[in-house]
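Chain and residue survey
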Amino acid sequence: MNQPTTWDKVDQYITERLIPQDSVLEEVLFANQQAGLPPFDVSPSQGKFLNLLVQMKGARRILEIGTLGGYSTIWMARALPSDGHIVTLELDPSHAQVAGANFALAQVDDLIELRIGDALGQLSQMKQEGVETFDFIFIDADKPNNPNYLQWALQFSRPGTVIIGDNVIREGEIINKNSKDPRVVGVREFYDLLAEEPKISATAIQTVGSKGYDGFVLGIVNS
């Protein structure tokens, strides 16, 4: 059995059965492709997963670290109430330009604050500005900085805040303690910090599908 092909077919089946066709989201993915953005968007089933998590939490304020073309941002924004708010951070101005156009296309731009520049610098600036804590935080940016992003996420959290980290299995490479890949090293350090940090209770879910073999970390802030 060709597992990756099977995973793709199952993902397609899930999408066809449970995720209604959405011309806007299809246009967003097409715009990202046309702009030459790397194909790192979450899959439709993962996008809806984020959407449902936001609804389950009843989140009103979301922080997203890593915007890319805004596909995941739109999925989460659609789960917010009319007075909800997302702060999303993107390093690359050209990516941010594509994302801004996508937000307008999806008619969620009034819910989104897109901040451009190095995420660690932006997070530090937000701290100086006295930005309020968030109900839901999605970490999906450069993996070597995952431990730093988690530390900042905890600073912008309160008891009950949900923290999600994407791409935390990396085709199983996370068990390779000798890996020199900075992305794997960053994710392993992310796990170490989660294991040692008493403020958060977390687990990880392995996933397979159109995005290959990967997974999410899901955590909730305790105190």
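You'll find the structure just up there.
Notes on the structure follow. Residues take numbers from 1 onward in each chain, read along the sequence in its written order. Under the rules for a predicted model, residues below a pLDDT of 70 receive no local features and side-chain atom pairs below 80 are neither given nor counted, while totals for whole chains, interfaces and linings still include all residues. Where side-chain values are given, they derive from all heavy atoms of the structure, hydrogens and water being excluded.

Each helix is a run of H or I in the DSSP string that is no shorter than four residues. Each strand is a run of E no shorter than two, and both are numbered from the N terminus. A count of helical and extended segments in the chain gives 8 helices and 7 strands. Radius of gyration (C-alpha) of the chain: 17 Å, near the 17 Å computed for a compact globule of 223 residues. Exposure is judged per residue with a 1.4 Å probe applied to protein chains only, and the accessible area is read against the type maximum: over 50% gives exposed, under 20% gives buried, and values in between give partly exposed. Looking at the chain as a whole, 48% of its 223 residues qualify as buried. Taking all contacts inside the chain whose residues are at least 6 apart in sequence as the whole, residues at least 24 apart take part in 70%. Element-wise, carbon and sulfur atoms account for 52% of the exposed surface of the chain, whose accessible area totals about 11100 Å². Counting 18 positive and 29 negative side-chain charges, the chain places the centres of these two groups 5 Å from one another. Our radius of gyration is a C-alpha quantity, and the globule rule it is checked against amounts to 2.2 Å times the number of residues to the power 0.38. The contact criterion used throughout is that any non-hydrogen atoms of two residues lie within 4.5 Å. Each accessible area value is a Shrake-Rupley result obtained with a 1.4 Å probe; residue values ignore everything except the protein chains displayed when judging cover. Positive charges come from Lys and Arg alone, negative charges from Asp and Glu alone, with His and the N- and C-terminal ends not counted. Taken as the charge location is NZ of Lys, CZ of Arg, CG of Asp or CD of Glu.

Its location among the elements puts D192 in helix α8 (residues 182–196). Note: C-alpha distance between D192 and D140 (52 residues apart in sequence) is 18 Å.

The next subject is unusual backbone geometry. Positive phi is not limited to glycine here, since L68 has a value of about 55°. Its location among the elements puts L68 in the loop between β1 (61–65) and α4 (71–77). One non-glycine residue with positive phi stands out, namely R170, at about 55°.

Our next topic: the packing of helix α6 (residues 119–129) against helix α7 (residues 146–155). To describe two helices that pack against each other, one gives the angle between their axes and the distance between the axes. For helices, the axis comes from a line fit to the C-alpha atoms of the stretch in contact; other axes are also lines fit to C-alpha atoms, and the angle between any two N-to-C directions lies between 0 and 180 degrees. The interhelical angle for the contact between α6 and α7, taken along N-to-C directions, is 20°, at an axis separation of 11 Å. Classed by the angle they form, the pair α6 and α7 counts as roughly parallel. When you trace α6 past α7, the crossing you get is left-handed. Residues A119, L120, L123, S124 and K127 of α6 pack against N148, Y149, W152 and Q155 of α7. We call two directions roughly parallel when the angle between them is under 35 degrees, roughly antiparallel when it is over 145, roughly perpendicular when it lies between 65 and 115, and oblique otherwise. When the near helix sits turned anticlockwise from the far one by under a right angle, the crossing is termed left-handed; a clockwise turn instead gives a right-handed crossing.

Moving on: the pattern of salt bridges. Whenever a carboxyl oxygen of Asp or Glu lies within 4 Å of a side-chain nitrogen of Lys or Arg, that contact is scored as a salt bridge. In this structure the tally under the stated criterion is 8 salt bridges. The partner of R60 in a salt bridge is D83, with the nearest N and O atoms 2.2 Å apart. A residue pair is termed long-range when its members are at least 10 positions apart, and R60 in the loop between α3 (44–57) and β1 and D83 in the loop between α4 and β2 (85–90) qualify at 23 residues. Across the pair D181 and R183 runs a salt bridge, and its minimum N-O distance is 2.8 Å.

What a helix should span is 1.5 Å times the count of its residues minus one. Here helix α2 (residues 23–34) is 12 residues long and its end C-alpha atoms lie 16 Å apart, about the 16 Å a rise of 1.5 Å per residue gives. Taken as a whole, α2 has its buried residues at L25, V28 and N32. Seen end-on, α2 carries its buried residues on one side only, within an arc spanning 50°. The exposed set on the far side of α2, more than 90 degrees from its buried face, consists of Q33 and Q34. If you follow the buried residues of α2, they end up packed against α4 and α5 (93–105). Among the residues of α2, the N-terminal cap falls to D22, whose side-chain oxygen and the backbone nitrogen of V24 are separated by 3.0 Å. By construction, the arc corresponds to the directions joining the helix axis to the C-beta atoms. For this analysis, a polar contact is any N or O atom pair within 3.5 Å, provided that within protein one partner can donate a hydrogen and the other can accept it, and provided that sequence-adjacent residues contribute only side-chain to side-chain pairs.

All right, on to the sheet that holds β2 then. Two strands pair if DSSP finds at least two bridges between them. An order of β3-β2-β1-β4-β5-β7-β6 is seen for the 7 strands of this open sheet, with the pairing classed as mixed. In the strand order of this sheet, the two ends are held by β3 (112–116) and β6 (200–207), each with one partner. Taking the axes of each pair of neighbouring strands and ignoring which way they run, one obtains an average angle of 15° across the sheet. Taken together, the 5 bridges between β1 and β2 define a ladder with parallel strand orientation. Paired with R61 across the bridge in β2 is H85.

Across the 6 residues of β2, 5 count as buried, placing the element largely inside the fold. Whether a crossover is right-handed depends on one test, that the path from the first strand over the helix to the second runs clockwise when the strands point away from the viewer. Regarding the hand of the β-α-β motif, the stretch spanning β1, α4 and β2 is right-handed. As paired elements, β2 and β3 share 5 bridges and run parallel to each other. Directly across from I86, in β3, lies its bridge partner I112. In terms of handedness, the path from β2 via α5 over to β3 forms a crossover that is right-handed.

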